[in-house]
Structure formats: C-alpha cells, structure tokens
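# Structure at a glance
Here are the chains, one letter per residue:
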Amino acid sequence: MKPVTLDPVDRQLIHALDLDGRAPFTRIADVLGVSENTIGRRYRRLRQAGVLRVVGAVASARLGYALWTVRFACAPASGVPIATELAKRPDTFWVHLLSGGTEIACTTQSSIVEEPDVLLLDKLPRSSRITSVSAHQMLHGFTRLGRWSALSDEQIAALQVPVDPAEEVTFDDADRQLVQVLADDGRASYGELAAASGLSESTVKRRIETLRRAGVLSYQLDISLRALGFQAEARLWMIVRPSAVASVASALAEHEEVQFAAVTTGPANLVAAIACRNATHLYEYLTERVGSLDGIQQMETAPVVRTVKRSGSLLPL
C-alpha cells in the first residue's frame, strides 16, 4: 500500500473529526475557513483511500461492562484461523496477529451487571492449537487529547462537544440498534438510524445527542496507520513500579507514537499500543523515549504483523 500524503487541510479535517466525528461539514468548513464542498471532497477521498472512518463507541464502564485485553499463544499456522474466529465475535473490538503469527492480542468485554458470574475465559474459543491464554482487565485508559495538533485553541473550542457524565440515562434495545449502525459508520444518516431502530428521525437525533451528552456514546476516528506510512506497530507490556504506574502511563500518552496506554491487572500492569515509521524508528523510540522513563522494571515488545479487526469492524484478510 502506497502511503497517503496529508496536507495541512487534511490534518485540520482529521483533527476536527477527532474532536467531533459527527460534526456537520458546514460547521467544520466554517471553523476551518474553507468551503463545505472542500471538506466533503477531502473526507470522501480519505474515506475511500482507507485512511479513516468515524465510528460510534459506547463507554462500556458506564453501562456496567469491563474491558479486557487477552493474549493467545498459538501453534504455527493456526494464528490466522483463530484470529478470524475471534474477529467474528460481537464482543471483540481489536484483534491483532503478533510475533510472526504465533500470538494473538484482542480486546473484549464482559458484563459485570448482567452476567457477573460468567467466567470470561469460558466464552473464548477452545482449541488444541491454542497453547496458552492470559486475560487482563483494563482498569484505566490514558489517551492524549488533540493528537493531531492542527487546529488553534479557538478552533478546538468551537468544535468540542460538552459532556456531563453525571447525567443519568437508560440504554435499551433501540439504543443498541442505533449503536450497532454507528459502530460501522459514525456518520450514518438519521434516516438509516431510524430504519434500524424503528424510531422516528427526530427521536433518533434527540436520543443520540442525549447519549453523547451523558458520555455513554462517543465518536472516534478509526485511522489506518499503515495507510499513513507507519509500518512498524507493536504492543508493549510493562511491569512498572506501583508508585510510578500513573505517571508512566500519563507520560506514554503524551508520546506521538502511542495510540493508547492502559493500566491493567496481572503481572504486567501497563499495556500500550505504539506505531512507528519503520524498525529504526521503533528501536529509537524504545531505547530513547520509553527507556528513559523511571519506574519501568521490565518490558515485553510484540510486533503487530496483521490487524484482523479494528475498532469493532471486521477487516479483509
């Protein structure tokens, strides 16, 4: 895949969508000082090139779900079929083949309200080709706001959407239907959402605004890092001194290379996903930036060789 080159307007558009993935093109155009046609054309080009898409995401913790990162070690030649089966499951979000295809990492969830006694590992695939499984609950995530840094403070303020996590909301079957559509396309029309949920378009609009204002629903950018020229992705598992976990996680979240960092249960108490331009960049990042952080006692690095599922969407093999 030939990397896509982004110009300043592309970066401003991506930053705007990172702040509000469902913002009308008219509002984005007004904030950026360009025409609505320009914004629409740029978005369609990036979407069709596989660079980005907007997805709706539910704050699992608000609805009584726990997020887990699960690692599978597999026999040779069995990684792809097992990862494919994992990707078909509705409760998995990210599925990666690691380390030459003999290891799989996935993110999944379990309800701590509706099924508190169900063992997570009982729900995962059973196969003699899986040689080991370890599951770690993600206790707290760290991300860096304004990752693209293409907009001014005034532009950011004009696009940010206020959230009130204290607002109480219910979440019913109609909401689940809405989220299912938004998980595939966060910019789906109100007509499409109404058809999927059986609600009127005005009710749909009011409902998703309520869920978003309460922090239950958010819109995230699903970015293809390889389409942008980042050819060396990896997962890091770190054992960090307990008193330094929060500070190390916060520091990692500020690094350009880090896509996310999360404090987890288990021997390795911090996990991070990173993206670098190539192996040289990865080496420099690990030795110079991560290596300089005080408190990291041990670290394991696993290269991502293939992404099978990204942000809840099944990707072609």
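Residues numbered from 1 in each chain as written. Predicted model: local features only at pLDDT ≥ 70, side-chain atom pairs only at ≥ 80, totals over all residues. Heavy atoms only, no water.

### Quick word on the overall build of the protein
Along the backbone of the protein there are ten helices and eleven strands. Taken against the 2.2 N^0.38 rule, which gives 20 Å for 317 residues, the C-alpha radius of gyration of the protein at 20 Å falls within 12% of a compact globule. Once the C-alpha set of the protein is aligned to its principal axes, its extents read approximately 50 × 45 × 40 Å. Counting every position in the protein, which comprises 317 residues, the buried fraction comes to 49%. Within the protein, contacts between residues at least 6 apart in sequence are counted, and of these 76% link residues at least 24 apart. Counting every atom, the protein has about 15,500 Å² of accessible surface; 52% of that belongs to carbon and sulfur. Of the side chains in the protein, 34 bear a positive and 35 a negative charge, and the two mean positions are spaced by 5 Å. (Helix = DSSP H or I, 4+ residues; strand = E, 2+ residues; numbered from the N terminus. Rg over C-alpha atoms; globule rule 2.2 N^0.38 Å. Buried < 20%, exposed > 50% of the residue type's maximum accessible area, 1.4 Å probe, protein only. Contact = heavy atoms within 4.5 Å. Areas by Shrake-Rupley, 256 points an atom, 1.4 Å probe, with all protein chains shown as cover. Lys, Arg positive; Asp, Glu negative; His and termini not counted. Charge placed at Lys NZ, Arg CZ, Asp CG, Glu CD.)

### Details of the packing of helix H6 (residues 173-184) against helix H8 (residues 201-213)
Viewed as axis vectors pointing N to C, H6 and H8 meet at an angle of 85°, and their least axial separation amounts to 11 Å. Taken together, the axes of H6 and H8 lie roughly perpendicular to each other. Within the contact between the two elements, H6 uses Asp175, Leu178 and Leu182 and H8 uses Val204, Arg207, Ile208 and Leu211. Of the residues in the contact of H6 with H8, the class split is five nonpolar, no polar and two charged. (Axes fitted to C-alpha atoms, helices over the stretch in contact; angles between N-to-C directions. Parallel < 35°, antiparallel > 145°, perpendicular 65-115°, else oblique. Nonpolar A, V, L, I, M, F, W, Y, C, P; charged D, E, K, R; others polar.)

### Topic: the pairing of strand S7 (residues 232-240)
Burial analysis of S7 places eight of its nine residues in the buried class, which makes it a mostly covered element. Where S7 and strand S10 (residues 296-310) come together, seven bridges link them in antiparallel fashion. Among the inter-strand pairings, arginine 235 is bridged to a residue of S10, identified as alanine 302. (Pairing = 2+ DSSP bridges.)

### Thoughts on the pattern of salt bridges
In this structure the tally under the stated criterion is 16 salt bridges. A salt bridge links lysine 88 to glutamate 85; the nearest nitrogen and oxygen atoms lie 3.3 Å apart. Pair noted here: lysine 88 and glutamate 85 are both in helix H4 (residues 79-88), with a separation of three residues, about one helical turn. We classify glutamate 85 as partly exposed; its relative accessible area is 45%. With a closest N to O distance of 3.7 Å, arginine 241 and aspartate 294 form a salt bridge. Placement of the pair is arginine 241 in the loop between S7 and helix H9 (245-253) and aspartate 294 in the loop between helix H10 (279-290) and S10, with a sequence separation of 53 residues. What makes arginine 241 partly exposed here is its relative accessible area of 32%. Looking at aspartate 294, the relative accessible area reads 61%, which means it is exposed. (Salt bridge = Lys/Arg side-chain N within 4 Å of Asp/Glu carboxyl O.)

### Concerning unusual backbone geometry
For alanine 77, which is not glycine, the phi torsion reads 75° and is therefore positive. Within the fold, alanine 77 resides in the loop between strand S2 (65-74) and H4. Judged by relative accessible area, which is 79%, alanine 77 ranks as exposed. We note that serine 99 has phi near 50°; this positive angle belongs to a residue other than glycine. Following the sequence through the fold, serine 99 ends up in the loop between strand S3 (92-98) and strand S4 (103-111).

### What to know about the nonpolar core
The biggest cluster of nonpolar side chains holds 42 residues, and the ones touching the most others in it are Ile28 and Leu46. The contact partners of isoleucine 28, leaving out residues within four places of it in the chain, are Leu13, Ala16, Leu17, Ala23, Ile39 and Leu159. If you look at the next biggest cluster of nonpolar residues, it comprises 24 residues, including Val245, Leu270, Leu282 and Leu293. (Core = buried A, V, L, I, M, F, W, Y, C linked by side-chain atoms within 4.5 Å.)

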